[in-house]
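One-letter residues, chain by chain:
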Amino acid sequence: MIIELEPIFNNVGSRFDFDYSLDLTALNLNSGFPFDSPVAVSGCVKNSAGVVTLTANVNAVYHSLCDRCAEEIKIPMKIPVEHGIVASLSNEDDGEFIVVEDMRLNLDALITEDVILFVPNKLLCSEKCKGLCPQCGANLNSGQCGCEKPIDPRLEVLKQFLDKTAGAEDTVSNE
Ligand SMILES: [Zn+2]
Ligand SMILES: [Zn+2]
């Protein structure tokens, strides 16, 4: 969607509302295509006392695999979008603003960028996900497997030390 900004910039108090579906099914994130249904975008661009701002809410369902246990996950996401819009930068410290020199705002591109920035690199089915057993590959969320817990290599040193000490004590008490 392209929003013509000229009438908004030229009329204090004016606003343009939008409410539409954006197809992000071709968006490749983290080596997958997580948005297999269109995302809902609603919001407005408005001119309040000469300041033009864009505010929107994006409702999306992120469809992927858990990074720990590889189970399928569907996570509903509400992504807030808020930007000041200017036709040109007046100060050097105006980095927060979107500059639209030709008065045509490519809303789809802006929303897509915000969605990409919002999605975390790693997603889990649950914060408490136990993941897969590194030895047999069993999903530990559905119960313990029969594998023995691997010993931390640092603790292995301690175990050997304690075994030795215990052995020495035994020798002493036996004499
Ligand atoms: Zn998981
Ligand atoms: Zn196992």
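Residues numbered from 1 in each chain as written. Chains lettered and ligands numbered in written order. Predicted model: local features only at pLDDT ≥ 70, side-chain atom pairs only at ≥ 80, totals over all residues. Heavy atoms only, no water.

Novice: Any details on unusual backbone geometry? Residues and values, ideally.
Specialist: In the Ramachandran plot, alanine 49 falls in the positive-phi region, its phi being about 50 degrees despite a non-glycine side chain. Within the fold, alanine 49 resides in the loop between β3 (39-48) and β4 (51-65). Accessibility expressed as a relative area gives 72% for alanine 49, which makes it exposed. Notably, alanine 70 is not glycine yet its phi reads approximately 65 degrees, a positive angle. Take alanine 70: it is sitting in the loop between β4 and β5 (72-86). Here alanine 70 falls in the partly exposed class, since its relative accessible area comes to 45%. (Helix = DSSP H or I, 4+ residues; strand = E, 2+ residues; numbered from the N terminus. Buried < 20%, exposed > 50% of the residue type's maximum accessible area, 1.4 Å probe, protein only.)

Novice: Account for the coordination of the zinc ion (ligand 1), naming residues and giving values.
Specialist: Bound to the zinc ion (ligand 1) on the protein side are Cys66 (SG), Cys69 (SG), Cys125 (SG) and Cys129 (SG), at distances that span 2.3 to 2.4 Å. In this structure, the zinc ion (ligand 1) is surrounded by four donor atoms whose angles at the metal cover 105 to 113 degrees, and the resulting shape is tetrahedral. Between consecutive donor residues of the zinc ion (ligand 1), the sequence gaps follow C-x2-C-x55-C-x3-C. One end of the pair, cysteine 69, is in the loop between β4 and β5; the other, cysteine 125, is in the loop between α2 (107-118) and α3 (153-174), with 56 residues separating them in the sequence. By relative accessible area, which is 36% here, cysteine 125 ends up partly exposed. (Donors = N, O, S within 2.8 Å, 3.2 Å for Na, K, Ca; no water. Tetrahedral: all angles 85-135°; square planar, octahedral: opposite > 155°, others 65-115°.)

Novice: Kindly report on a nonpolar patch on the surface, identifying the contributing residues and their values.
Specialist: On the surface, Ile151, Leu155, Leu158, Phe161 and Leu162 cluster together to form a nonpolar patch covering roughly 500 Å² of accessible area. Leucine 158 gets classed as partly exposed once you look at its relative accessible area, which sits at 43%. (Patch = residues over 30% accessible without salt bridge, like charges linked within 9 Å, V, L, I, M, F, W, Y side chains within 5 Å. Areas by Shrake-Rupley, 256 points an atom, 1.4 Å probe, with all protein chains shown as cover. Salt bridge = Lys/Arg side-chain N within 4 Å of Asp/Glu carboxyl O.)

Novice: Report on the coordination of the zinc ion (ligand 2), specifying residues and quantitative values.
Specialist: Coordination sphere of the zinc ion (ligand 2), protein contribution only: Cys133 (SG), Cys136 (SG), Cys145 (SG) and Cys147 (SG), at 2.3 Å. Bound by four donor atoms, the zinc ion (ligand 2) shows angles of 105 to 113 degrees at the metal and therefore tetrahedral coordination geometry. The class for cysteine 147 is partly exposed, based on a relative accessible area of 29%.

Novice: Tell me what's going on with α2, and back it up with residues and numbers.
Specialist: Its twelve residues give α2 an end-to-end C-alpha distance of 16 Å, which sits within 8% of 16 Å, the value for a rise of 1.5 Å per residue. Every buried residue belonging to α2 is among Leu107, Leu110, Ile111, Thr112, Asp114 and Val115, and all of these are buried. If you check the start of α2, you find a side-chain oxygen 3.4 Å away from the backbone N of aspartate 108, and it comes from asparagine 106. (Expected span 1.5 Å × (residues − 1). Polar contact = N/O pair within 3.5 Å; in protein donor to acceptor, adjacent residues only side chain to side chain.)

Novice: Tell me about the domain arrangement of the protein chain, and name the residues and values.
Specialist: Domain boundaries in the protein chain define domain 1 (2-118) and domain 2 (140-174). Computed over C-alpha atoms only, the centres of domain 1 and domain 2 are separated by 55 Å. (Domains from an automatic or database assignment.)

Novice: Just give me the short version of the packing of aromatic side chains, but keep the residues and values in it.
Specialist: For the structure on display, the rule yields two aromatic pairs. Aromatic pair phenylalanine 18 and tyrosine 20: ring centres 6.4 Å apart, planes at 75 degrees, arrangement edge-to-face. On the basis of an interplanar angle of 85 degrees and a centroid distance of 5.7 Å, the ring pair of phenylalanine 35 and tyrosine 62 is categorised as edge-to-face. Here the residue phenylalanine 35 occupies a position in the loop between β2 (15-22) and β3, and tyrosine 62 occupies one in strand β4, the gap between them amounting to 27 residues. For the pair formed by phenylalanine 35 and tyrosine 62, the shared burial category is buried. (Phe/Tyr/Trp six-rings, centres within 6.5 Å; stacked < 30°, edge-to-face > 60°.)

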